[in-house]
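Observations on the three-dimensional arrangement
Now for the letters of each chain:
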Amino acid sequence: MDFTFLGGMFANLLKGLPLTLNFWVLSLLGGGTLALILNLMRTTRIGNAVAAAYVFVFRGTPLLIQIFMIYYGLAGFGFVRQSFLWPFLREPYWCGLLALILNDAAYTSEILRGGLRAVPKGAVEAGRVSGMTRFAILRRITLPLAFRQALPAYSNEVISMLKATALVSTITLMDMTGIARAAISETWRAVEILLCAAAIYLAISLLVTRFSAWFERRLSPWQFGRTTP
């Protein structure tokens with residue numbers, strides 16, 4: 001094991017970390033927003049059917065195929081190439097980000113849906129009795145309680161999306177995995193390079209796990225032997 005090579009490889013892989021973090025954060029923000037919209041659509045019969053079909057398709061197909069379908073497949077439609085979206089959809093960055101957002105939204109919507117179902121009906125009724133509007137109940141009671149219930153599952157989704165960003169390297173993007181793939185093709189030292197990349201992903205995942213555990217304790221202090229948040 002050449003530690004000098006490992007040190008240089010770590011430094012080289014970290015050059016792709018900003019792009020990896022960019023995909024990760026934006027996909028979570030976009031996916032979370034779309035997940036809220038999907039759950040709002042479920043309040044109507046037609047909207048529920050559309051949301052259910054969306055979740056079925058994006059949870060039932062591999063993310064890699066979704067990336068390829070957006071990056072390679074959409075270019076095969078003439079109306080797409082002639083639309084105002086083409087300047088974006090012909091760029092691998094936007095195609096990769098769109099695929100990550102759409103995929104994350106499907107999983108996050110189901111996590112949020114489970115959290116919403118776990119909200120006690122008594123809490124909602126108490127809000128109505130106190131004179132809160134429907135929007136106030138949603139903002140001050142339903143969503144906070146649903147998020148608290150969904151946090152453990154959502155933390156797993158956050159880590160999954162971090163690892164999923166590695167797939168954008170398949171469409172020529174030079175994130176950490178893309179740099180690792182290029183380095184392997186040049187040096188043929190796959191074990192050392194992949195170990196370096198895995199160590200970086202593992203370190204970020206550990207930080208997310210620790211932060212999620214801390215945040216869960218802050219939201220539910222009574223479950224961890226604390227009386228004040």
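Scroll up for the structure.
A few points on the structure. Keep in mind that what you see is a predicted model, and the values were worked out from it rather than measured. (Residues numbered from 1 in each chain as written. Predicted model: local features only at pLDDT ≥ 70, side-chain atom pairs only at ≥ 80, totals over all residues. Heavy atoms only, no water.)

**Let's talk about the overall build of the chain**
A count of helices and strands for the chain gives eleven helices and zero strands. The linear arrangement of helices and strands in the chain, starting from the amino end, is α-α-α-α-α-α-α-α-α-α-α. C-alpha extents for the chain along the principal axes are approximately 70 × 55 × 25 Å. Buried residues in the chain amount to 40% of all 229 residues. Of all intrachain contacts in the chain linking residues separated by at least 6 positions in sequence, the fraction that spans at least 24 positions is 75%. Averaging the locations of the 21 positively and 10 negatively charged side chains of the chain gives two centres separated by 14 Å. (Helix = DSSP H or I, 4+ residues; strand = E, 2+ residues; numbered from the N terminus. Buried < 20%, exposed > 50% of the residue type's maximum accessible area, 1.4 Å probe, protein only. Contact = heavy atoms within 4.5 Å. Lys, Arg positive; Asp, Glu negative; His and termini not counted. Charge placed at Lys NZ, Arg CZ, Asp CG, Glu CD.)

**As for a nonpolar patch on the surface**
Together, Leu-36, Leu-40, Phe-135, Leu-138 and Leu-143 make up an exposed nonpolar region whose accessible area comes to about 450 Å². Those elements giving two or more residues to the nonpolar patch turn out to be helix H2 (17-41) and helix H9 (134-164). With respect to the element layout, Leu-40 can be found in helix H2. What makes Leu-40 exposed here is its relative accessible area of 53%. (Patch = residues over 30% accessible without salt bridge, like charges linked within 9 Å, V, L, I, M, F, W, Y side chains within 5 Å. Areas by Shrake-Rupley, 256 points an atom, 1.4 Å probe, with all protein chains shown as cover. Salt bridge = Lys/Arg side-chain N within 4 Å of Asp/Glu carboxyl O.)

**A few points about the packing of aromatic side chains**
In this description, an aromatic ring pair is defined by two values, namely the gap between the centres and the angle between the planes. In total, this model carries eleven aromatic pairs according to the counting rule given. On the numbers, 5.7 Å between centres and 35° between planes, the contact of Phe-211 with Trp-214 is tilted. Residue Phe-211 and its partner Trp-214 are located together in helix H11 (residues 190-219), separated by three residues, close to a single helical turn. In this structure Phe-211 comes out as partly exposed when scored by relative accessible area, which is 48%. The class of Trp-214 is partly exposed, set by a relative accessible area of 41%. Three or more aromatic residues joined by ring pairs make a cluster, and in this case those are Phe-23, Phe-88, Tyr-93 and Trp-94. (Phe/Tyr/Trp six-rings, centres within 6.5 Å; stacked < 30°, edge-to-face > 60°.)

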